[in-house]
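# Chains, contacts and geometry: an overview
The lines below spell out each chain.
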Amino acid sequence: MEPPTVDELTPPDRTLMGPGPSEVHPRVLRAMSTPLVGHLDPSFIEVMNDVQDLLRYTFRTENKWTIPVSGTGSASMEAAIGNLVEPGDTMLVPTNGYFGGRMESMATRAGGEVVHVDAPWGEPLDPVDVEAAFEEHDPDVFGFVHAETSTGVLQPNVSELTSIAHDHDAYVIADCVTSLGGVELRVDDWDIDVAYSGPQKCLSCPPGASPLTLNDRAMEKVLSREEPARSWYLDLSLLEGYWGDERAYHHTAPITNVYALREALRLVAEEGIEARWERHRNMAGALKAGVEAMGVEMNAPDDYWLPSLNAVRVPAGVTDTDVTDYLLEQYDLEIATGLGDLDGEIFRIGCMGYSARPETVSYLVSALGDALRKQGADVDVEAGLSATSGALGR
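Calculation notes
- Residues numbered from 1 in each chain as written.
- Predicted model: local features only at pLDDT ≥ 70, side-chain atom pairs only at ≥ 80, totals over all residues.
- Heavy atoms only, no water.
- Helix = DSSP H or I, 4+ residues; strand = E, 2+ residues; numbered from the N terminus.
- Rg over C-alpha atoms; globule rule 2.2 N^0.38 Å.
- Buried < 20%, exposed > 50% of the residue type's maximum accessible area, 1.4 Å probe, protein only.
- Contact = heavy atoms within 4.5 Å.
- Patch = residues over 30% accessible without salt bridge, like charges linked within 9 Å, V, L, I, M, F, W, Y side chains within 5 Å.
- Areas by Shrake-Rupley, 256 points an atom, 1.4 Å probe, with all protein chains shown as cover.
- Salt bridge = Lys/Arg side-chain N within 4 Å of Asp/Glu carboxyl O.
- Polar contact = N/O pair within 3.5 Å; in protein donor to acceptor, adjacent residues only side chain to side chain.
- Pairing = 2+ DSSP bridges.
- Axes fitted to C-alpha atoms, helices over the stretch in contact; angles between N-to-C directions.
- Parallel < 35°, antiparallel > 145°, perpendicular 65-115°, else oblique.
- Nonpolar A, V, L, I, M, F, W, Y, C, P; charged D, E, K, R; others polar.
- Expected span 1.5 Å × (residues − 1).
- Arc of directions from axis to C-beta.
- Lys, Arg positive; Asp, Glu negative; His and termini not counted.
- Charge placed at Lys NZ, Arg CZ, Asp CG, Glu CD.
- Disulfide = S-S within 2.5 Å.

## Let's talk about the overall build of the protein chain
- Per the secondary structure count, the protein chain includes 13 helices and 14 strands.
- Against the compact-globule benchmark of 21 Å for 394 residues, the protein chain has a radius of gyration of 21 Å, which places it among compact chains.
- Summarising its shape, the C-alpha atoms of the protein chain cover approximately 60 × 55 × 50 Å along the three principal directions.
- Taken over 394 residues, the protein chain has a buried fraction of 58%.
- Pairs at least 24 apart in sequence give 72% of the contacts found in the protein chain among residues at least 6 apart.

Structure (structure tokens):
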């Protein structure tokens, strides 16, 4: 067999404004080019310590059990659900977005029984409905999505939801994949037992090492399981040996990805977490102002608009994929179409991390306006650009 001829890698230089990944900060890319050391090297132990301290700051938690899971955000999701949900446990999951469905799949594979708290796609959970679901089903674990990537909805009243769960002696798992480092999230103050995230969204870091935090109460449940978690690789009772005090071998950590996460989290700490939340609100607010002034509707009402992921209604007479294809071909700009119940009805536009800056927001509004106008949509591109410029103070 002849060896294949493969050209040098030359991926396109895209502006990433979809639901993730976001653009990676140049400092993070530089960190990834630094030399490898062993995953048990004393210098890497220091890197591990730094990452854990920085993750606690970003999650707003004092939890000892705060680690990056080796894998994408779905790995930290499965680590959370697959360890906390034991065979025979009942898990309450939402129906108001795509990732509630993924929670259900993972809980079922872990041996749990799944029950639902209902809300339409594009709306948050109502605490009244959560209370009713607890009264009916008495679940052991409650999962909710803090920032639903499929609908552009930010869940308000988080403390109310966790209070309901704890009144029923249940554990709370929060999906924070599209909120960590971008919108207000306070794990300790909001009494969240387990939170997981991904690095490729508001942290502007390549996927590969995904944040997870558990409080002592949750970790006690994990360590007292009658049978081990079904995944050896994601078994937190084993990972505790590597990320805990012992620093004993479990698997080879993705060293370069941990470097990248460390640098991404350094950027969070340098900016300040609350200033970072404000930047995301301001940049996404300018995007939102431009879209609305153009004559296009947002999917989520202001009360639960998600700054890091803006769901924009597809105008009448426009085909969503024609717009996204045009943006890729003409502008090297990525946005996404809808999922599930909202397939064909919305554009999903990220405003996350390094992508949440004035030049990318202005570029997005201009390019989107052009793409919609080419499709025959009734849009006022100039009004959109003026509104965005005004919101950015330009």
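Past the structure itself, the notes keep going.
## Re a nonpolar patch on the surface
- Together, Trp232, Tyr233 and Leu238 line one region of the surface with nonpolar side chains, adding up to about 310 Å² of accessible area.
- Along the chain, Leu238 turns up in helix α8 (residues 236-243).

## Side note on the side chain of Ser76
- Considering the arrangement of structural elements, one finds Ser76 in helix α3 (residues 73-84).
- Among the polar contacts made by the side chain of Ser76, one reaches the main-chain carbonyl oxygen of Ser197 at a distance of 2.8 Å.
- Sequence-distant contacts of Ser76, that is, excluding residues within four places in its chain, are made with Val69, Tyr196, Ser197, Ser210, Pro211 and Leu212.

## Some points on the sheet that holds strand β14 (residues 346-350)
- Spatially, three strands are ordered β11-β14-β13 in an open sheet, and the strand pairing comes out antiparallel. Each edge of the open sheet is held by one strand with a lone partner, namely β11 (309-313) and β13 (336-337).
- Where β13 meets β14, two bridges bridge the pair, whose relative direction is antiparallel. Paired with Ala336 across the strands is Arg348, a residue of β14.

## A few points about the packing of helix α9 (residues 255-271) against helix α10 (residues 273-294)
- The interhelical angle for the contact between α9 and α10, taken along N-to-C directions, is 95°, at an axis separation of 6 Å. Put simply, α9 runs roughly perpendicular to α10. Taking contact as the criterion, the partners of Leu267, Val268 and Glu271 in α9 are, on α10, Ile273, Ala275, Arg276 and Arg279.
- Of the residues contributing to the contact of α9 with α10, the split by class is four nonpolar, no polar and three charged.

## Some thoughts on the side chain of Thr388
- Relative to the helices and strands, Thr388 resides in helix α13 (residues 381-391).
- Residue Thr388 is classed as buried on the basis of its relative accessible area, which comes to 2%.

## Observations regarding helix α4 (residues 98-109)
- If you check α4, its first and last C-alpha atoms are 17 Å apart, about what 12 residues at 1.5 Å a residue would give, namely 16 Å.
- Those residues of α4 that fall on the buried side of the exposure criterion are Phe99, Gly100, Met103, Met106 and Ala107. Viewed along the axis of α4, the buried residues span an arc of 120°, placing them on a single side of the element.

## With respect to the pattern of salt bridges
- A full pass over the atoms with the stated rule returns 23 salt bridges.
- Arg27 serves as the salt-bridge partner of Glu270, at 2.9 Å between the closest nitrogen and oxygen. Placement of the pair is Glu270 in helix α9 and Arg27 in helix α1 (residues 26-32), with a sequence separation of 243 residues.
- On the accessibility criterion, Glu270 (47% relative accessible area) is partly exposed.
- Its salt-bridge partner being Arg217, residue Asp193 comes within 3.3 Å of it at the nearest N-O pair. Of this pair, Asp193 sits in the loop between β8 (171-175) and β9 (194-196) while Arg217 is found in helix α7 (residues 216-223), placing the two residues 24 residues apart along the sequence.
- On the basis of relative accessible area, Arg217 is assigned to the partly exposed category, the value being 27%.
- Through salt bridges that share partners, Arg27, Glu263, Arg266 and Glu270 make up one connected network.

## What to know about a negative patch on the surface
- Side chains of Glu62, Asp188, Asp189 and Asp191 sit close together on the surface and give a patch of like negative charge.
- Within the secondary structure, Asp191 is located in the loop between β8 and β9.
- We classify Asp191 as partly exposed; its relative accessible area is 40%.

## Quick notes on the state of the cysteines
- For the structure shown, the criterion picks out zero disulfides.
- For the unlinked cysteine Cys176, the closest cysteine sulfur is that of Cys202, found at 11 Å.
- Just so you know, Cys205 is unpaired, no disulfide at all, and the nearest cysteine sulfur is the one on Cys202, 13 Å from it.
- Exposure remark for Cys205: the relative accessible area of 2% places this residue in the buried category.

## Quick notes on the sheet that holds β9
- Read across the sheet, seven strands follow the order β2-β10-β9-β8-β5-β3-β4 without closing on themselves; strand pairing throughout is mixed. Only two strands of the sheet have a single partner each, and these edge strands are β2 (65-71) and β4 (113-117). With direction set aside, neighbouring strand axes in the sheet form an average angle of 20°.
- Of the pairings in the sheet, the one linking strand β5 (residues 141-145) to β8 comprises five bridges and is parallel in character. If you follow Phe142 over to β8, its bridge partner there is Val172.
- Against the sheet, helix α2 (residues 42-59) touches β2, β9 and β10 (208-214), its axis set at about 110° to β2.
- Its contacts with the sheet put α8 on β2 and β10, and the angle it makes with β2 is roughly 105°.

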